[in-house]
Each structure stands twice: as C-alpha cells, then as structure tokens.
Amino acid sequence: MVRAENVYKTFYTTHKIEALVDVSCRVDKGEVVVIIGPSGSGKSTILRCLNMLEKADEGHIYIDGVDILDPKTNINKVREEMGMVFQSFNLFRHKTALGNLTLAQTVVRKRSKKEAEEKAMVLLEKVGIPDKADSYPDNLSGGQQQRVAIARALAMNPKVMLFDEPTSALDPEMIGEVLDVMKTLALEGMTMIVVTHEMGFAREVADRVIFMDEGQIVEVGTPEHFFKNPTHDRTKLFLSQIL
Amino acid sequence: MAEGSFSVTDYLRTRGWRHISIFLFFLMILAVIGGIYYATQKVEYTWRWYRIPQYFYYHDRVEIRAEIGGDVASLVPKGDRVEVKVRGADVEEVYSVPADSLRVSEGDYIYPGDILGSYQQWKVGILLKGLWVTLEVSIIAVFLGIVIGLFTGLARISKNPALRWTAITYIELVRGSPLLVQIFIWYFVLGTMFNTLLAQNGMGQLSPLWYGVAALAVFAGAYVAEIVRAGIQSIHFGQMEAARSLGMTYPQSMHYIILPQAFRRILPPLAGQFISLIKDSSLLGIIAIRELTKATREVVTSSLQPFELWFVCAILYLVLTFSLSMFVQYLERRTAIGG
C-alpha cells in the first residue's frame, strides 16, 4: 500500500538539518502503524513526504504502486486517495463544518451538492457531532474541530489516512473523543499511519510501532515487543522518559 | 451636603468633561468657519452661493429660428403653442412656437435665421459633467486595477522566477515614480506612439480619457498587487496544505480556500487604495480630460467665484470617497464569517 525506500530529506534553514536519513518502511493494506519518537526525529517529515507536502530529496515512495517522486505522476490524483489530519486541524475557517466536508467532494470528486451533503452528514454522525453541521470552526472546541477534520478527510473515501500528531494541540479532556474516532476507524480496517505521543493508543490499536530518532528508523516492532522488551538503547531511553 | 443632591463637582467628575469636550468640538468647527468668513470679508470677497447651482443644472433658453426666408402666412394657436407658417418663394415651413415667446405677427417678412420665439430647457451643468467623468474614470480604473492587482499579486508569490520578477519589476517601477510623470508618459509617449500607429493603419484616435484610465489602473494595480500579496500571505499556510492534501490543485485551493479568506482581510486597505485613486484622478486634467477638478478650474476662470467653487469641488470628492467607504463597510459586514 505505502512503501518508502531509502528516503532522504535535508532542510536548509539557518543551518543544515538532516531530517530523514535513509528511511525505508512499508505499510500494508488495513494496517495501523504508529510512528513515535522524540521531537525533531523526522516522524512528521516522513509523514508529510508520503503525500508530497514535503518533497523527498532522494529515494522512492510508492503509494498503491505509484511512484509519487516520478515527475510524471499527478500528485493531486494520489492525494485524493490519502486523507491527512493535521496537528492544528486546518479547517477552512470561512466554511461551516458541513461546508468543510462538502467542498473537496464537489470540487475534486465532482459529486453533486446533494450527494456530498448526504455523505457529509453520515460522517458527522459517525464522529458524533451532526448537530454542529452549521457551525463555523471558530465556534467549535478543539476536539470537535479535529473530529470535523477527520470527517473531512474521510469524505474523500481515502485508502490511507495520515495523522500528524492529531491530539497534540488539544486540551487533555478532549483527547479521548478524537482517539475514540480513530480507534473506530482502525477497527473498520482503515489503513492508518499515525504520528503521535499517545502511547496508550499505540499499545492498544497499532499493528506495528516505528520508533524514529535523528532522522532514522531505529526500531520497528509489534506493540508488545516495543513496550515490553525493546532492543535498542535509544528506544529504552525514550520510553523511560515518557512512560 | 444633603443626600441625593448632585453638585457641580459630581457632574464634572462623571459626565461633565465629556459634555464640555463635545461642546468644544463644535465651538472649534464654528470658530474655523467663522474665521474663514471673517478673513474673506477683510479681503472684500463677495460670497455668491446662489450662482453655484447653475453649474450643476441650468435653465437654458433655446431660440427657434426660421430656416428659410419669406412671409409669415398664418399664425394658428394650438393650446399654449402657436403654429407659425412661413411661406418662401417656393417652399413652406411650419414652426411650433410657445405662444408667450412669439416674436412675429402675420404678414411680417422673415429672413433666414430670424428668431421666431424661444423655449426653456434644463441642461446638465459643467460641474455635474465633470463629476460624471471623474466617476466614470474611477470606476473603470478601479475595476482594471483589481484585475491587474490580483494577477500581479499572484505572480508576485509564484515560484516561477519569470512571473515573480516580472511582477516585482512592474511594482517597483510604478511605485518608484510619481503618478504625474506616469500620466505624462502614458499620454505624451505611449499615447502619441499608439495613436500614430492607429492613424497609419487608418483607424481613429483613442481619446485622452483612455490613456488617463490606463495610467490610473496601472498605478493602482501595483499597489493592489502588494495588498493582495500581503492578504494571501496572512492566511495560515495550513489552509493551503489542508486543501492540497484533499487533492485540490493550486488554482483550486487559491480560488476556494485562500482568496475568499484573504478577500475579507484586504478589503480595508483596498478601500484606502481606491479612495486614493478617486482623488488621484484629479491629476488627469493636465491631459485635457475634463474631470471634476478641470471642470472646476474652467468655471472659476469664467465665474470668478473661486472660494465657493473650490469648496464645492472638495465636497463633491468627499461625497464620492465617503460613498465608497460606506460601500466597503457594507461589504465587510456582508462577508463576515458566520454573518
């Protein structure tokens, strides 16, 4: 489903930052993979490289068999099949919750307004806030905004969902409602790649956990392996710091 | 002090100063007007406000003249008009003349061009005509300025160096030279060239009005471009990322997500720019466009009432700019999120 091979990414800001160094990984259909690691370890960068919000410098990234780094690939077509959820929600602020859900459906998927609205209401129901359909993002709580954002991504019928620290900007009491939606999604068999600091979620839902540090994948394993007896010292150190 | 009483100090401490300030404001306005009036009296200026309305709308006497020579054959009253039949050597003509202005009687001999009578007609005065030209020039220039500014603004933030550098060059050139000089260039350089080319190809000349409009639009466009750029860049980049992550193209994201949000933010500076444009149109008089300022100057020359006329001119500009500013405030309320 998703395959990254020897991906490199370097940022040049005030100084050179090697964000990704020879990263290779694969995610199969229906798998839930959680990427964890200290801040600055490159976990968000690899996620953003997967749908070309960040362009990898070297390597290959295949989504459903399509090499997205090939200049001939229409990245918009690839993105249609990949939902992304951001740390800062990024809801369209001039649109209601319903408008957020229907816009890309009508513009990109060319669905009729009626069809898009029906789909949107089903999804708002699913994330538990059908009554907020006509609210603007500024009038929603963080947790509600993030649930609308998840629904917005789902409205496109994506094959893969990317979550970039979806609960990091939320007040603690709202984290649960967002994680619940994500758990439901995982149970339904959605392919998910989740960057998060929620170890509970990783332990409970993940099929595999990837630990990254300093732009490299240090360790990959099942949650049991990971939280019970990690092999690498860096993993042990990280886990001891956060658990 | 008795309970419930309200002393002067209490009044001053609560609402008093506010009332006194408001009073002072109006006093000041009156003092300025009074001062100006007093000064004009000192230089023996005679105010003749009653003469001003005729430059907006005036009652003109139109004379009815005979086109042929001959005898007045008959006068036939028809209501409050009289039909004058003039019989020449071999032609006959009938003129309808208001009865109270009739100047001829039956049997009179008429030469071609003689006045038979006259009637009154309302005509649009020069100031109103000038105001209309100013309005016309401003509206066209604002419209073109928005189009130029929008595309230049988008080019300005493009990743393509050809687009970006073209936009920067245009913006810097226009912002770096005086509008007056640009108007001269548009009319005396580009205008001469273009009109000569048109003439060589057997086509008619373009009137100065269009060169004036072009100068204003291109001038405003550069400023609008910078306003548009700032507006777009003020929208959080996450909005663009979210749109792109849903599979929308860059133009789609701009159209549906970024520009609608940017539009609200750029409305106030945009309004300021277009208010400037209306005022800048007063420079167009120098290339023989008879807009409001030029019209006022012409009337001042003939009427010798400069004081009244320049005040009127200023007030007319104020009416235009104030209306625009009201309209933009209305737009702002209309486009408010959740409104």
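Residues numbered from 1 in each chain as written. Chains lettered and ligands numbered in written order. Predicted model: local features only at pLDDT ≥ 70, side-chain atom pairs only at ≥ 80, totals over all residues. Heavy atoms only, no water.

Participant: Any chance you could explain the overall build of chain B here in plain terms?
Facilitator: Across its full length, chain B carries nine helices and six strands. The C-alpha atoms of chain B give 31 Å as radius of gyration, which overshoots the globular expectation for 339 residues (20 Å, by more than 25%). In terms of overall dimensions, chain B has a C-alpha envelope of 95 × 90 × 45 Å along the principal axes. Out of the 339 residues in chain B, the part that is buried amounts to 37%. Within chain B, residue pairs in contact and separated by at least 24 positions form 68% of the contacts whose partners lie at least 6 positions apart. Of the roughly 19900 Å² that chain B leaves accessible, carbon and sulfur atoms contribute 65%. Averaging the coordinates of the 29 positive side-chain charges in chain B and doing the same for the 25 negative ones gives two points 15 Å apart. (Helix = DSSP H or I, 4+ residues; strand = E, 2+ residues; numbered from the N terminus. Rg over C-alpha atoms; globule rule 2.2 N^0.38 Å. Buried < 20%, exposed > 50% of the residue type's maximum accessible area, 1.4 Å probe, protein only. Contact = heavy atoms within 4.5 Å. Areas by Shrake-Rupley, 256 points an atom, 1.4 Å probe, with all protein chains shown as cover. Lys, Arg positive; Asp, Glu negative; His and termini not counted. Charge placed at Lys NZ, Arg CZ, Asp CG, Glu CD.)

Participant: Which parts of the structure should I look at to understand the sheet that holds strand β2 (residues 16-27) of chain A?
Facilitator: The pairing of strands in a sheet comes from backbone hydrogen bonds and takes either a parallel or an antiparallel form. Residue and element names in this part refer to chain A. Read across the open sheet, the four strands follow the order β2-β1-β4-β5; overall the sheet is antiparallel. Strands at the two margins of the open sheet, each flanked by one partner only, are β2 and β5 (66-67). Inspection of the sheet shows strand β1 (residues 2-12) paired to strand β4 (residues 58-63) by five bridges, in the antiparallel sense. Across the sheet, the residue bridging to Tyr8 is Glu58, located in β4. Where helix α1 (residues 43-50) meets the sheet, its contacts fall on β1, β2 and β4, and the angle it forms with β2 comes to roughly 65°. (Pairing = 2+ DSSP bridges. Axes fitted to C-alpha atoms, helices over the stretch in contact; angles between N-to-C directions.)

Participant: What exactly am I supposed to notice about the packing of aromatic side chains here?
Facilitator: Aromatic ring pairs are reported here in terms of the distance separating the ring centres and the angle at which the planes meet. In total, this model carries 16 aromatic pairs over all chains according to the counting rule given. Ring geometry for Tyr187(B) and Phe188(B): centres 4.9 Å apart, planes at 70°, overall edge-to-face. Take Tyr187(B): its relative accessible area is 23%, and that puts it in the partly exposed class. An aromatic cluster of three or more residues is present, and its members are Tyr45(B), Trp47(B), Trp49(B), Phe307(B) and Phe311(B). Between Arg203(A) and the ring centre of Phe227(A), over which it is positioned, the NZ or CZ distance is 4.8 Å. (Phe/Tyr/Trp six-rings, centres within 6.5 Å; stacked < 30°, edge-to-face > 60°. Lys NZ or Arg CZ within 6 Å of the ring centre and 35° of its normal.)

Participant: Would you mind going over the packing of helix α4 (residues 179-200) of chain B against helix α5 (residues 208-233) of chain B with me for this structure?
Facilitator: When two helices pack together, you describe them by how their axes are tilted relative to each other and by the distance separating the axes. All names here are of chain B. Put simply, α4 and α5 touch, their axes get as near as 9 Å, and they point 130° apart. By the criterion of interaxial angle, the relationship of α4 to α5 is oblique. Our pair here, α4 against α5, has a crossing hand that is right-handed. Where α4 abuts α5, its residues Leu179, Gln182, Ile183, Trp186, Tyr187, Gly191, Phe194 and Asn195 lie against Pro208, Tyr211, Ala214, Ala215, Leu216, Val218 and Phe219. Broken down by class, the residue content of the contact of α4 with α5 amounts to twelve nonpolar, three polar and no charged. (Parallel < 35°, antiparallel > 145°, perpendicular 65-115°, else oblique. Left-handed = near helix turned anticlockwise from the far one by under 90°. Nonpolar A, V, L, I, M, F, W, Y, C, P; charged D, E, K, R; others polar.)

Participant: Honestly, the environment of Ser323(B) in this entry has me stumped. Any pointers?
Facilitator: Mapped onto the elements of the fold, Ser323(B) is located in helix α9 (residues 306-334). Exposure remark for Ser323(B): the relative accessible area of 40% places this residue in the partly exposed category.

Participant: Sorry, what's going on with the interface of chain A and chain B here?
Facilitator: Size of an interface, as often reported, equals the accessible area lost when the parts are brought together. At the junction of the two partners, chain A supplies 23 residues and chain B supplies 20 residues. Linking chain A with chain B are one salt bridge, by the criterion used here. At the level of secondary structure, the elements contributing two or more residues to the side of chain A that touches chain B comprise α2 (75-80), β6 (82-85), α3 (97-107) and α5 (142-154) of chain A. Partitioning the side of chain A that touches chain B into residue classes produces 13 nonpolar, four polar and six charged. (Salt bridge = Lys/Arg side-chain N within 4 Å of Asp/Glu carboxyl O.)

Participant: Which parts of the structure should I look at to understand the environment of Met248(B)?
Facilitator: Among the secondary structure elements, Met248(B) is positioned in the loop between α6 (237-245) and α7 (250-280). Residue classification places Met248(B) among the buried positions, given a relative accessible area of 0%. For the pair Met248(B) and Arg81(B), spaced 167 residues apart in sequence, the C-alpha separation works out to 74 Å. Among all residues touching Met248(B), those that are not within four sequence positions of it are Asn76(A), Leu103(A), Ala104(A), Val107(A), Val108(A), Ala243(B), Ser253(B), Tyr256(B) and Ile257(B).

Participant: Would you explain α6(B) in this entry?
Facilitator: Every α-helix carries 3.6 residues per turn, so stepping three or four residues along brings you back to the same face. Among the nine residues in α6(B), eight count as buried, and that is most of the element. Of the residues making up α6(B), those classed as buried are Gly238(B), Gln239(B), Met240(B), Glu241(B), Ala242(B), Ala243(B), Arg244(B) and Ser245(B). Elements in contact with the buried residues of α6(B): α1, α2, β6 and α5 of chain A together with α7 of chain B. One or two steps after α6(B), the chain reaches Gly247(B), where phi turns positive at roughly 95°.

Participant: Explanation requested: the sheet that holds strand β9 (residues 208-213) of chain A in the structure shown.
Facilitator: Residues and elements named next belong to chain A. Spatially, β6-β7-β8-β3-β9-β10 is the arrangement adopted by the six strands of the open sheet, whose pairing is mixed. The open sheet terminates on both sides in strands that have one partner only, identified here as β6 and β10 (216-221). Shown here is a sheet whose adjacent strand axes are inclined to one another by a mean of 15°, direction ignored. Sheet topology places strand β3 (residues 32-36) next to β9; four bridges connect them, and they run parallel. Along β9, the bridge assignment pairs Ile36 with Phe211. Strands in contact with α1 are β3, β6, β7 (160-164), β8 (191-195) and β9; relative to β7, the strand with the most contacts, it is inclined by about 145°.

Participant: Help me understand the domain arrangement of chain B, please; the structure alone is not making it clear to me.
Facilitator: When the domains of chain B are assigned, the result is domain 1 (7-45), domain 2 (60-124) and domain 3 (126-338). Taking only C-alpha atoms into account, the centre of domain 2 of chain B sits 53 Å from that of domain 3 of chain B. (Domains from an automatic or database assignment.)

Participant: When you look at the layout of surface pockets in this model, what are you seeing that I'm missing?
Facilitator: Empty space among the atoms becomes visible once a probe the size of a water molecule is rolled across them. All names here are of chain B. Looking at the largest pocket, its volume works out to about 860 Å³. Surrounding the largest pocket, 21 residues form its lining, Lys159, Met240, Arg244, Tyr250 and Met254 being those nearest its centre. Where the lining of the largest pocket is concerned, the elements lending two or more residues are α2 (126-156), α5, α6 and α7. Looking at the second largest pocket, its volume works out to about 580 Å³. Every residue lining the second largest pocket is counted, 26 residues in all, and those nearest its centre are Val142, Ile146, Leu270, Phe274 and Phe327. Elements that contribute at least two residues to the lining of the second largest pocket include exactly α2, α5, α7 and α9. If one sorts the elements of the lining of the second largest pocket by residue count, α7 sits on top with nine residues. Of the residues that constitute the lining of the second largest pocket, the class distribution is 24 nonpolar, two polar and no charged. (1 Å grid on protein atoms, 1.4 Å probe; cavity = no way out; pocket = protein on both sides within 12 Å on 5 of 7 lines; lining within 4 Å. Points joined across faces, edges and corners; volume = space filled by probe spheres on them.)

Participant: What exactly am I supposed to notice about the pairing of strand β4 (residues 92-98) of chain B here?
Facilitator: Every other side chain in a regular strand lies on the same face of the sheet, so the side chains alternate between the two faces. Residues and elements named next belong to chain B. The pairing of strand β3 (residues 81-87) with β4 spans seven bridges and is antiparallel. Its bridge partner being in β4, Glu83 is matched across the sheet by Ser96. Hairpin connection from β3 to β4: four residues lie between these consecutive antiparallel strands.

Participant: Explain the side chain of Ser253(B) to me, please; I cannot follow it from the model alone.
Facilitator: Residues and elements named next belong to chain B. With respect to the helices and strands, the residue Ser253 is situated in helix α7. Residue Ser253 is classed as buried on the basis of its relative accessible area, which comes to 0%. Only 2.7 Å separates the side chain of Ser253 from the backbone oxygen of Thr249, close enough to count as a polar contact. Non-local contacts of Ser253, meaning those with residues more than four positions away in its chain, are made with Met240, Ala243, Arg244, Met248 and Ile258. (Polar contact = N/O pair within 3.5 Å; in protein donor to acceptor, adjacent residues only side chain to side chain.)

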